[in-house]
Amino acid sequence: MGKNSLIGGSIWDEYSQKVQDRMNNPQHMGEFSEEDAKNRNAKLIVADFGAESCGDAVRLFWLVDEKTDKIIDAKFKSFGCGTAIASSDTMVDLCIGKTVDEAVKITNLDVEFAMRDNPETPAVPPQKMHCSVMAYDVIKQAAAHYKGINPEDFEDQIIVCECARVSLGTIKDVIKLNDLHTVEEITQYTKAGAFCKSCVKPGGHEKRDYYLVDILAETRAEMDREKLKNATKNDVAFDEMTLVGQLKVVESVLDTEIRPMLHNDGGDLEVIDIQKAESGAIDVYIRYLGACSGCSSGSGATLYAIENILQEELSSNIRVMPV
């Protein structure tokens, strides 16, 4: 049966050649027995991880040299689609030759990146990205088994989506790496928010400390800030920008540094105008909104903080003028 009978040719083309090769000819699929481990003077470790809700699961086999803690060989069994097979095969590749402590540092993004034909192009289409995000969890299970500790002892990241076990760091990295613009894209790439949806935005059945809508907005603002810094390094000074350019970068700084603080108190602000004074000062006119509109923010610490941040980030000539 040809591949076009199984999947649309255009979708198939979104898979890297490395993924296609590993789908069709995985190098490490199989299992080890206790006898295999004994013959190679190694300790056998078997770990499982999977999500019944999506049908993807992986069983990882390690042969570990207990004298060096090095993984001398590894295999896997995957209960899922071709992408899950390819990503599991790649994950095993990354484990072999590493110590257990080194293997625990392998991330889901390391696996996906290793399957790319070139650094700029994702290895699989967005709707299949979740198949490559089981690596960290199954490796953690295996390492915990080997060390005789709880898997959670390895957890040093904030988990945003408990259903898919996706961390804050992974979500931010995926947004930046793939230039994502919507929550739907985050879900496609990581499966975060695909199940109970409590992590998507406030109001779900379970309150969360972090929500995808906020993480996306904050990460996009960070990306804009980084672009601004790179532009500034290329001698595009704030004082020399057009009004439109100045408005854009001021908004970017406000989104990252100021608005989150105001939102916590039920307030906000908007930029009304930017004007250059005869003295050389650049006056940024703002209007407080919400809870901030009736408080003393116009002349107090909040105003000073806004002005100070804009001066540090953009230009020492900036003055903030509340209206």
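It should be noted that the structure appears before, not after, this text.
What comes next concerns the included structure.

On to the overall build of the protein, then. Counting secondary structure elements, the protein contains 13 helices and eight strands. A buried classification covers 42% of the 323 residues belonging to the protein. Here the analysis covers contacts within the protein between residues at least 6 apart in sequence; of these, 58% occur between residues at least 24 apart. Split by element, the accessible area of the protein, about 16,600 Å² in all, is 48% carbon and sulfur.

This paragraph deals with the environment of Glu-270. Tracing the backbone through its elements, the reader meets Glu-270 in strand β6 (residues 267–276). Residue Glu-270 is classed as partly exposed on the basis of its relative accessible area, which comes to 28%. Residues within four places of Glu-270 in sequence aside, it is in contact with Arg-259, Tyr-285, Ile-286, Arg-287 and Leu-289. A polar contact is formed between the side chain of Glu-270 and the side chain of Arg-287, at a distance of 2.6 Å.

Inspection of the entire model under this criterion finds 15 salt bridges. As a salt-bridge pair, Arg-287 and Glu-270 come within 2.6 Å of each other at their nearest N and O atoms. Of this pair, Arg-287 sits in strand β7 (residues 282–290) while Glu-270 sits in strand β6; the two residues are 17 residues apart in sequence, bridging distant segments of the chain. Its relative accessible area of 37% is what places Arg-287 among the partly exposed residues.

Backbone hydrogen bonds are what pair the strands of a sheet, in a parallel or an antiparallel way. The strand order β6-β7-β8 describes an open sheet built from three strands, whose pairing is mixed. Where the open sheet ends on each side, the last strands, each with one partner, are β6 and β8 (318–322). Strand after strand, the sheet turns through a mean of 30 degrees between neighbouring axes, direction not considered. Each of β6 and β7 touches helix α12 (residues 243–264); the most contacted strand, β6, lies at about 155 degrees to it. Helix α13 (residues 301–313) contacts β6, β7 and β8 of the sheet and is inclined by roughly 150 degrees relative to β8.

Attention now goes to the nonpolar core. Residues Leu-60, Trp-62, Ile-71, Met-91 and Ile-139 are the most contacted members of the largest nonpolar core, which totals 26 residues. Mapped by element, the contributors of at least two residues to this core are β1 (43–51), β2 (56–65), β3 (70–79), α5 (82–95), α6 (100–103) and α8 (135–147). Broken down by element, the residue count for this core peaks at six residues, all from α8. Among the nonpolar cores identified, the runner-up in size contains 23 residues, and Phe-238, Leu-262, Leu-269 and Tyr-288 belong to it.

Before going further, it helps to examine unusual backbone geometry. Even without being glycine, Asp-69 reaches a positive phi, approximately 65 degrees. Within the secondary structure, Asp-69 is located in the loop between β2 and β3. On the accessibility criterion, Asp-69 (31% relative accessible area) is partly exposed. Of note, the phi angle at Asp-179 is positive, near 55 degrees, even though the residue is not glycine.

To continue, consider helix α9 (residues 168–178). Think of an α-helix as turning once every 3.6 residues; residues three or four places apart then point the same way. Regarding α9, the residues found buried are Leu-168, Thr-170, Ile-171, Val-174, Ile-175 and Asn-178. Following α9 by one or two positions, Asp-179 adopts a phi angle in the positive range, close to 55 degrees.

Turning to the environment of Asp-93, a few remarks are in order. Relative to the helices and strands, Asp-93 is located in helix α5. Owing to a relative accessible area of 33%, Asp-93 belongs among the partly exposed residues under this scheme. For the pair Asp-93 and Asp-73, spaced 20 residues apart in sequence, the C-alpha to C-alpha distance is 9.2 Å.

Calculation rules
Residues numbered from 1 in each chain as written. Predicted model: local features only at pLDDT ≥ 70, side-chain atom pairs only at ≥ 80, totals over all residues. Heavy atoms only, no water. Helix = DSSP H or I, 4+ residues; strand = E, 2+ residues; numbered from the N terminus. Buried < 20%, exposed > 50% of the residue type's maximum accessible area, 1.4 Å probe, protein only. Contact = heavy atoms within 4.5 Å. Areas by Shrake-Rupley, 256 points an atom, 1.4 Å probe, with all protein chains shown as cover. Polar contact = N/O pair within 3.5 Å; in protein donor to acceptor, adjacent residues only side chain to side chain. Salt bridge = Lys/Arg side-chain N within 4 Å of Asp/Glu carboxyl O. Pairing = 2+ DSSP bridges. Axes fitted to C-alpha atoms, helices over the stretch in contact; angles between N-to-C directions. Core = buried A, V, L, I, M, F, W, Y, C linked by side-chain atoms within 4.5 Å.

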